[in-house]
Amino acid sequence: MKILVCEPHKHPYVKDIPHELHEMQAVVGGLIQALYFEDNDSVAAVCNEEGLFLDLDWNRVVDPYGPVKGTFFICGIDFDSFCGLTDAQIEKYKTRFWDPEMLIPTPDGMARIIVKEI
């Protein structure tokens, strides 16, 4: 299954993993939770279900859900199952999540700083 892995402080990269639950859990470091995008592109961001409660680095904002902690990956959705991404989906989401983000808690919520390369 071809996925796009988004680690904190890094650019996303493509990875092939077996289509098995324990392999998906290994990528995110725990139980998995799917976050679905509003544009209904037949993809999901899969993150650690307990990530917000664990001592993980802040990663990126995944709209419409908000900030995600720890590594997450993007995969396709086929009816009621996860599947690999198409080349077009990889390019779209690689572009969308290319720039790492710094997320800083403030009294008024999270401050989001997008880190661009110089």
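Our structure's up above, just so we're on the same page.
**Student:** Go over the side chain of lysine 69, please, and point to the residues and values.
**Tutor:** Secondary-structure assignment places lysine 69 in strand E6 (residues 66-69). An unpaired buried charge is present at lysine 69: no salt bridge exists, and aspartate 55, the closest side chain of opposite charge, is 5.5 Å distant. One polar contact links the side chain of lysine 69 to the main-chain carbonyl oxygen of leucine 54, over a distance of 2.9 Å. Beyond its immediate stretch of four places on either side in the chain, lysine 69 contacts Gly51, Leu52, Leu54, Leu56, Asp57, Trp58 and Asn59.

**Student:** Outline the state of the cysteines, listing residues and values.
**Tutor:** For the structure on display, the rule yields 0 disulfides. Considering cysteine sulfurs only, cysteine 83 is the nearest to cysteine 75, which forms no disulfide, with 7.0 Å between them. Relative accessible area serves as the criterion here: at 0%, cysteine 75 is assigned to the buried category.

**Student:** Outline the pattern of salt bridges, supporting the account with residue identities and numerical values.
**Tutor:** Within the structure shown, the criterion is met by 5 salt bridges. The closest approach of N and O atoms between aspartate 41 and lysine 92, which form a salt bridge, is 3.0 Å. Taken together, the residues span a long stretch of sequence, with aspartate 41 in the loop between strand E3 (32-36) and strand E4 (43-48) and lysine 92 in helix H2 (residues 87-96) at a distance of 51 residues. According to the relative accessible area criterion, lysine 92 is partly exposed, its value standing at 37%. The residue arginine 112 makes a salt bridge to glutamate 101 at a minimum N-O spacing of 3.0 Å.

**Student:** Quick one: what's the story with the pairing of strand E7 (residues 72-78), residue by residue and with numbers?
**Tutor:** Extensive coverage of E7 is indicated by the burial of 5 of its 7 residues. In this structure, strand E1 (residues 2-6) lies alongside E7, joined through 3 bridges in antiparallel fashion. What sits directly across from valine 5, in E7, is phenylalanine 73. For E4 and E7, the ladder comprises 4 bridges, and the chain directions are antiparallel. Bridge pairing in E7 places valine 43 opposite glycine 76. Turn length for the E7-strand E8 (residues 81-83) hairpin, with the two strands adjacent in sequence and antiparallel, is 2 residues, and the turn residue phenylalanine 79 shows positive phi of about 60°.

Thresholds applied
- Residues numbered from 1 in each chain as written.
- Predicted model: local features only at pLDDT ≥ 70, side-chain atom pairs only at ≥ 80, totals over all residues.
- Heavy atoms only, no water.
- Helix = DSSP H or I, 4+ residues; strand = E, 2+ residues; numbered from the N terminus.
- Buried < 20%, exposed > 50% of the residue type's maximum accessible area, 1.4 Å probe, protein only.
- Lys, Arg positive; Asp, Glu negative; His and termini not counted.
- Salt bridge = Lys/Arg side-chain N within 4 Å of Asp/Glu carboxyl O.
- Polar contact = N/O pair within 3.5 Å; in protein donor to acceptor, adjacent residues only side chain to side chain.
- Contact = heavy atoms within 4.5 Å.
- Disulfide = S-S within 2.5 Å.
- Pairing = 2+ DSSP bridges.

Shape descriptors only; they carry no functional weight alone.
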